[in-house]
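Observations on the three-dimensional arrangement
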Amino acid sequence: MNGHENPVAAARRSLEAVGRRIRLACEEAGRPVDAVSLLAVGKTFPAERVLALAAAGQRDFGENYLQEALEKQDRCATLASDTRLAWHFIGPIQSNKTRAIAERFDWVHSVDRARIARRLSEQRPEAAEPLSICLQVNIDDEDSKSGCAPQELPALAAAVAAMPRLRLRGLMAIPAPRSDATGQRRAFAAVRELYEQLRAGGFALDTLSMGMSADLEAAVAEGATIVRIGTALFGDRPPKPD
Ligand SMILES: *Cc1c(COP(=O)(O)O)cnc(C)c1O
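Before going into details, it helps to say that this report is about the structure given with it.

Analysis parameters
Residues numbered from 1 in each chain as written. Predicted model: local features only at pLDDT ≥ 70, side-chain atom pairs only at ≥ 80, totals over all residues. Heavy atoms only, no water. Core = buried A, V, L, I, M, F, W, Y, C linked by side-chain atoms within 4.5 Å. Buried < 20%, exposed > 50% of the residue type's maximum accessible area, 1.4 Å probe, protein only. Helix = DSSP H or I, 4+ residues; strand = E, 2+ residues; numbered from the N terminus. Contact = heavy atoms within 4.5 Å. Salt bridge = Lys/Arg side-chain N within 4 Å of Asp/Glu carboxyl O. Near = heavy atom within 4 Å. Polar contact = N/O pair within 3.5 Å; in protein donor to acceptor, adjacent residues only side chain to side chain. Areas by Shrake-Rupley, 256 points an atom, 1.4 Å probe, with all protein chains shown as cover. Nonpolar A, V, L, I, M, F, W, Y, C, P; charged D, E, K, R; others polar. Pairing = 2+ DSSP bridges. Right-handed = clockwise from strand over helix to strand, strands pointing away.

Here we look at the nonpolar core
- One finds V108, L120, I133, L135, L171 and V227 to be the most contacted residues of the largest nonpolar core, which totals 65 residues.
- If you tally residues by element for this core, the top one is helix α1 (residues 7-29), at six residues.
- When residues no more than four places from it in sequence are discounted, the contact partners of L171 are C134, L135, L153, V191, L194, Y195, L198, T207, L208 and S209.

Encoded structure:
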């Protein structure tokens, strides 16, 4: 980014670039452009960057770390009501964080066990819409990653669908990084298959949350309806401080 550029102009430019990638991927896949929505993942970036993207028209924002997210939400609360933002929690969830997530987010993409879902449902305020939920599935069976095992999905989906303050929307996955498009597509196709099995089993799902900066084209080709994009919108993140 040019350091002298107006932040809103810079945000508009990066949104256009990512929007172009999504549009081309949709055209390539024979899908309508509005079948895929863009979730801007702002972890590690300050509220000013979120505000600039909001001024450029972006409405859906994803965050991984609760405390950081709440501070950003407070900073963004000054926006006019016609630019109301939708907040998506996409990071690992500890049970002592569920209340704030249930109160302050519109979506949670990273539900991988019934215990957490039950707390979110119990803690979702009555006055709010039901919380939209994606189940995170561990598609590569890596020990280090969060997400439930594919064979656990039907039972978890049934449990979540029965919870009164939650609305089960679909699946989320973070496949292992791969540099080849064929391997990327194979992993996303496996997620789509699980999604289609659940739909065939009677769950009214409408969301496949998959694809990030490096692999959004493969995800769109395999049916993603939400792509979660950080780096391609915000730039490189500083290394993780852990
Ligand atoms: C960081 C993150 C993203 C965005 O990743 P990029 O490669 O920067 O686009 C998407 N989803 C989740 C769950 C993330 O943690």
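Details of helix α2 (residues 47-55)
- Restricting attention to buried positions, one finds in α2 the residues A47, V50, A52, L53 and A54.
- Here the buried face of α2 lies against α1, β1 (37-41), β2 (60-63), α3 (66-76), β3 (86-89) and α9 (231-234).
- With its phi angle positive at about 115°, G57 sits one or two positions after the end of α2.

Here's the deal with the pattern of salt bridges
- On inspection of all chains with the given rule, the structure shows 13 salt bridges.
- Notably, a salt bridge pairs K72 with E68, separated by 2.7 Å at the nearest N-O pair. You can see K72 and its partner E68 sitting in helix α3, four residues apart, about one turn around the helix.
- Overall, the relative accessible area of 4% leaves K72 in the buried class.
- A salt bridge links R167 to D206, with the shortest nitrogen-to-oxygen separation between them at 4.0 Å. Taken together, the residues span a long stretch of sequence, with R167 in strand β6 (residues 166-172) and D206 in the loop between α7 (181-200) and β7 (207-209) at a distance of 39 residues.
- Here the salt bridges do not stand alone but share partners, grouping R185, R192, E196 and E222 into one network.

Quick word on the site of the ligand
- Around the ligand, the neighbouring residues are V41, K43, N64, I90, I174, M212, S213, R228, I229, G230, T231 and R237.
- S213 is positioned with one of its side-chain polar atoms (N or O) 2.5 Å from an oxygen atom of the ligand.
- In the environment of the ligand, an oxygen atom lies 2.8 Å from a nitrogen or oxygen atom belonging to the side chain of R237.
- Surface burial for the ligand is 89%, taken as the share of its 390 Å² of free accessible area covered by protein chains.
- Its residues assigned to classes, the shell around the ligand comprises five nonpolar, four polar and three charged.

With respect to the pairing of β6
- The element β6 is largely enclosed, with a buried count of six among its seven residues.
- Sheet analysis places strand β5 (residues 131-136) next to β6, joined by six bridges and oriented parallel. Paired with C134 across the bridge in β6 is G170.
- When β6 meets β7, the two strands line up parallel, connected through three bridges. Counted as the bridge partner of G170 is T207 from β7.
- Once the chain exits β6 it traverses α7 before rejoining the sheet at β7, and the crossover so formed is right-handed.

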